[in-house]
Amino acid sequence: MSLTQKDQQYLWHPYTQHKTAAPPIAIVKGEGALLWDENGKEYIDAIASWWVNPFGHSNRFIADAIYTQLTTLEHVLFGGFTHEPAVLLAEKLQAILPSNQKKIFFSDNGSTSVEVAIKVALQYFYNKGEQRKTIIAFENAFHGDTFAAMAASGISFYTQAFQGMFIDVVRIPVPVKGQEQVSFAALEKAISAHDCAAFIFEPLVQGAAGMVMYEPESLDRLIEICQQNQVLTIADEVMTGFGKTGKNFACDYIRKQPDMLCLSKALTGGTIPMAITTFTQQLFDGFYSDDINKALFHGHTFTANPTGCAAALASLELLQTDAMQAHISRVNQSHLAFKKRIENHPKVTTTRVLGVIFALEIATDSAASYYGTLRNKLYDFFIENGVILRPVGNIVYVLPPYVISQQQLDKVYEVVEKALEIV
């Protein structure tokens, strides 16, 4: 039996309707921006395997760091103990995080980093004797699949089976061009009408919504409104963090600083699941008490796993090299050139670029569903042509490993252009 056949016998995949989905592709090897399946076919991983792998597959520098750590200390519980990789990682991160971020809490993935932030927001006010039970989020947000993260998400088919089981969330429009004042007014109305603990947002780019982008000045204004009303702010940088927008964090584009940041995905260079939520000193102090009941009772068995911390330290070191920053700039310039070339195509309605993120929207006669016919036709075309892209409805985005070669990136653009001829 092939790997694919054995997979179909035993495994259940994410976001998959197994009755109608094509068999999964069995990948046996990766190097740089390339992957190979069990039949020897080569693919360009043009989405960095769900945005986690900026430094390329099988990166030797990160692998060596992991090996060294595994032969020293693979894991130790983090309740009552600590270790050098966690301390060093916290120290290195604090040097590049927004300056108000003083405390670092470890968890396992993007969803749990958001879960921690929302729990902290709610309990922070509870510890003060205030009942604030509402979270504010953007329309069409995506923050993860655990319950609080899912509640904050606004893509209905992900969450519709669980309606009525969530914490209270009120949604406001994204301040895209022309809708800024509508968004500001909606936030002010939400705060006045509800006892709001926090506003959670994907800064500058809504990833799962189709790389929807908005301006830093608008986010500054939204944070300012929250600060004026003592509403906490949570920047979900799970997708945008570690160079995707052209800067270390999307929040580096704004003047106002959020109270919390959520980090995961590229944190360990796509090697080991790990997440971090960062906090201001004020938030930490809200739990610092002689009363044990005011502690944050949240933890994971693999919290601050030393091997994951070693991978993250190696990833941070790579990110900050001149060579990697040059790769990020090169990909950005290539995206801008492709945008200029494709934006007037008769089948393209909009294009957008930020950092290493490129997106275009294909003209359709009607609304394209998230996993509808158009999306599936495009996905199959890309796979047939050896490029891994996952369109969101009628939106095609490219978010490659930073180390993708120019030849590989040009092939991705070429295949995207060809795809426009089949729709």
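One structure accompanies this document, and this report is about it.

Calculation criteria
By convention here, each chain's residues receive numbers from 1 onward along its written sequence. Local features in this predicted model are restricted to residues whose pLDDT is 70 or higher, and side-chain atom pairs enter the listing and the counts only when it is 80 or higher, whereas totals over whole chains, interfaces and linings include all residues. The side-chain figures draw on all heavy atoms in the structure; neither hydrogens nor water molecules are used. We define a salt bridge as a contact between a side-chain nitrogen of Lys or Arg and a carboxyl oxygen of Asp or Glu at a distance within 4 Å. For helices the rule is a DSSP run of H or I covering at least 4 residues; for strands it is a run of E covering at least 2, with both sets numbered from the N terminus onward. Two strands pair if DSSP finds at least two bridges between them. A contact between two residues is defined here by any heavy atoms of the two lying within 4.5 Å. Note on geometry: axes are C-alpha line fits, over the in-contact stretch for helices, and angles between N-to-C directions span 0 to 180 degrees. To sort residues, take the accessible area from a 1.4 Å probe on protein chains only and compare it with the maximum for the residue type: under 20% means buried, over 50% means exposed, and anything in between is partly exposed. We call a set of buried residues a nonpolar core when its members are Ala, Val, Leu, Ile, Met, Phe, Trp, Tyr or Cys and they connect through side-chain atoms within 4.5 Å of each other.

A few words on the pattern of salt bridges. A pair can form between side chains of opposite charge whenever their charged atoms are brought close. Counting across every chain of the model gives eight salt bridges. Between Asp220 and Arg255 there is a salt bridge, with its nearest N and O atoms 3.8 Å apart. Remark: Arg255 occurs in the loop between strand E10 (232–236) and strand E11 (260–263) and Asp220 occurs in helix H9 (residues 216–228); sequence separation between them is 35 residues. Lys339 is the salt-bridge partner of Glu343, the closest N and O atoms lying 3.0 Å from each other.

Sheet architecture is open: four strands sit in the order E1-E2-E3-E15, paired in mixed fashion. At either end of the open sheet lies a strand with only one pairing partner, and these are strand E1 (27–31) and strand E15 (387–388). In this structure, E1 lies alongside strand E2 (residues 34–37), joined through four bridges in antiparallel fashion. Counterpart to Ile27 in the pairing with E2 is Asp37. Those strands touched by helix H14 (residues 406–420) are E2, strand E3 (42–45) and E15, and its axis lies near 90° from that of E3.

Bringing unusual backbone geometry into the picture now. At Met211, a position not held by glycine, the phi torsion is positive, near 55°. Along the chain, Met211 turns up in the loop between strand E8 (205–206) and strand E9 (212–213). Assessed through its relative accessible area of 0%, Met211 is described here as buried. Even without a glycine there, the phi angle at Gln230 is positive, about 55°. In this fold, Gln230 is placed in the loop between H9 and E10.

Take the nonpolar core next. Residues Leu89 and Leu389 are the most contacted members of the largest nonpolar core, which totals 106 residues. Looking at this core, the element that brings in the most residues is helix H11 (residues 306–319), giving eight residues. Apart from the residues within four sequence positions on either side, Leu89 is in contact with Phe106, Met274, Ile276, Cys309, Ala312, Leu313 and Leu316. In this structure, Phe105, Phe125, Ala137 and Val238 belong to the second largest nonpolar core, which totals 25 residues.

Glancing now at the sheet that holds strand E6 (residues 168–172). Overall, mixed pairing links the seven strands, which are arranged E4-E12-E11-E10-E7-E5-E6 in an open sheet. Edge strands, defined here as strands with exactly one partner in the open sheet, are strand E4 (103–107) and E6. Here the strands of the sheet are splayed against their neighbours by 20° on average, with no regard to which way each runs. As defined by bridge partners, strand E5 (residues 134–138) adjoins E6 across five bridges and the pair is classed as parallel. Its bridge partner being in E6, Ile136 is matched across the sheet by Val170.

What follows is about the pairing of strand E14 (residues 357–362). For E14, the tally of buried residues reaches five of six residues, placing the bulk of the element in the interior. As defined by bridge partners, strand E13 (residues 348–354) adjoins E14 across six bridges and the pair is classed as antiparallel. Bridge pairing in E14 places Val353 opposite Phe358. Hairpin connection, E13 to E14: the antiparallel pair is bridged by two residues, and Gly355 has positive phi, about 60°. Bridge count for E14 against strand E16 (residues 395–398) is four bridges, and the pairing is antiparallel. Within E16, the residue paired with Phe358 across the bridge is Val398.

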